[in-house]
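Chain by chain, the residues:
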Amino acid sequence: MLDGLDDIDWARLGHAYGSAADVPGQLRALLDPDGTVRDEALGELYGNVFHQGSRFEASAYAVPFLLEMLTVATTPDPAAVLGLLSALAVGYDEGVLPDGFPVAEYRRAAMGGRELLAAKPPPWTGSDETQKEYVEYLYVESLSAADQGRLWAYVALATYDAVRAGVPVFRALLGHSDPDVRLFAAYLIGLFPEEADGSVSALVRAADAAAATPGEVATMLVSSGLLGAAPDVRWLTDSRPLVRWAAAIGRARAHGAAADPATVAELLGWASAASGEAPAEPVDGEWVPFLGGDLCGYAGLALRQLGPQHEARAFDALLDRLPTVSGERSLTVLGVALRLAFPDGPAAAGTPVAALLPRQRRLAEVLGRSTEPWLIGGQEFGNVAMLVGEYGLPSSRETLLAYLRRVP
């Protein structure tokens, strides 16, 4: 197993911390019978070939060996390998949902990136970190912003395509004995719309399987929608709330503005729910991997796909939920609400509160009254402040309240 691993000149490949010479050992450690050893290796790989959502030169080279692990029954934790592959494929899924990975856009953006990557010097190698030279980073920084965009788009696309080669493996794993493996395989399948022809039928069969748990069925329905195939309407009347949620998400993605009233009603109910269903509080005793299990947040994102005829109801649902969320969930809900309130872009600098459109004024007032959306773990959340400021509103609750009081 892992034949050819040592044939690659890993030291010449770069990852988040420079030379990727440590990657072969980490890949081998994923096969260690000791769970502690595997966990340590997995954490290291999440930090170097995948780092804070980014992929690197070495990332695509690691993927075939991860895929090989999935074809061997003795691999100790295939679900963990699938999780790493999903991260390598698209980064954090917050950046691609609810529409899915924009592969056509990446293919355009990556043109010329291969040549730029080939011209990159190899990373520094050595044992004395005090002497470390960041030669490859200096090369990247010497490029224009446009060329940097091409290079990184190519790196991300190369990794995505390397994972895409494993779609037949993922389809086969839909019949695995471990429900976690089946679930993560279904999640991965939905990330590759160019493979929809063979994948949709596999997901439909798996969702109808007697052994499928609610979490698996839900994941399969959402993935079907991401591939452009609407889940059958019968799932909207399923007795399991998580399955109904997934059916609505998948149907909204596939039908868009033509979605049926039952789909719209299901999404609106979830989007306005007072509290999201976190992984610690799963629905039906189950969890789905999308957005880390934030069902209400995903429903809020999906409302964007329903067309202008539902904008007012969608906006009301988002404002109902906004005061109850914080952290990453605040970013999700607030991001959609801001786009609906400012369809033509940010307010001009110095816009008086009286000049805000009614929807903009309502959003500002809810934000001013609410503490939770500005926080993460009880502390001020800078990302929310930046997001609000990008739309021309005061970027702290205190300054926003003062702004709202300045009414003639």
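What you see is a predicted model, and the numbers here were worked out from it, not measured in a lab. (Residues numbered from 1 in each chain as written. Predicted model: local features only at pLDDT ≥ 70, side-chain atom pairs only at ≥ 80, totals over all residues. Heavy atoms only, no water.)

Caption draft 1: Fine view of the overall build of the protein chain. Each helix and strand in the protein chain was counted, giving 20 helices and six strands. Since a compact globule built from 408 residues should have a radius of gyration of about 22 Å, the 23 Å found for the protein chain is in line with a globular shape. In terms of overall dimensions, the protein chain has C-alpha extents of about 70 × 55 × 40 Å along its principal axes. Split into buried and exposed, the 408 residues of the protein chain put 53% on the buried side. Expressed as a percentage of contacts within the protein chain between residues at least 6 apart in sequence, the contacts between residues at least 24 apart total 70%. If you sum the accessible surface of the protein chain, you get close to 17700 Å²; carbon and sulfur atoms cover 53% of it. Taken together, the 31 basic and 51 acidic charged side chains of the protein chain have centroids lying 9 Å from each other. (Helix = DSSP H or I, 4+ residues; strand = E, 2+ residues; numbered from the N terminus. Rg over C-alpha atoms; globule rule 2.2 N^0.38 Å. Buried < 20%, exposed > 50% of the residue type's maximum accessible area, 1.4 Å probe, protein only. Contact = heavy atoms within 4.5 Å. Areas by Shrake-Rupley, 256 points an atom, 1.4 Å probe, with all protein chains shown as cover. Lys, Arg positive; Asp, Glu negative; His and termini not counted. Charge placed at Lys NZ, Arg CZ, Asp CG, Glu CD.)

Caption draft 2: Representation of the pattern of salt bridges. Scanning the model with the defined rule gives 20 salt bridges in all. Between R240 and D238 there is a salt bridge, with the nearest N and O atoms lying 2.8 Å from each other. On the accessibility criterion, D238 (15% relative accessible area) is buried. Its salt-bridge partner being D316, residue R362 comes within 3.0 Å of it at the nearest N-O pair. You can see R362 sitting in helix α18 (residues 358–369) and its partner D316 sitting in helix α16 (residues 311–321), a full 46 residues away along the chain. Given a relative accessible area of 33%, D316 falls into the partly exposed group. Salt bridges sharing partners connect three or more residues here, namely R107, D161, R164, R171, E194 and E195. (Salt bridge = Lys/Arg side-chain N within 4 Å of Asp/Glu carboxyl O.)

Caption draft 3: Quick look at the packing of aromatic side chains. Inspection of the entire model under this criterion finds 13 aromatic pairs. A centroid spacing of 6.4 Å and a plane angle of 50 degrees characterise the contact between W10 and F65, whose relative ring orientation is tilted. Placement of the pair is W10 in the segment before β1 (14–15) and F65 in helix α3 (residues 57–70), with a sequence separation of 55 residues. Accessibility assignment for this pair places W10 and F65 in one class, buried. Ring geometry for Y160 versus F192: centroids 4.8 Å apart, planes at 35 degrees, classification tilted. Remark: F192 occurs in the loop between α10 (179–189) and α11 (196–207) and Y160 occurs in helix α8 (residues 145–164); sequence separation between them is 32 residues. Overall, the relative accessible area of 0% leaves Y160 in the buried class. (Phe/Tyr/Trp six-rings, centres within 6.5 Å; stacked < 30°, edge-to-face > 60°.)

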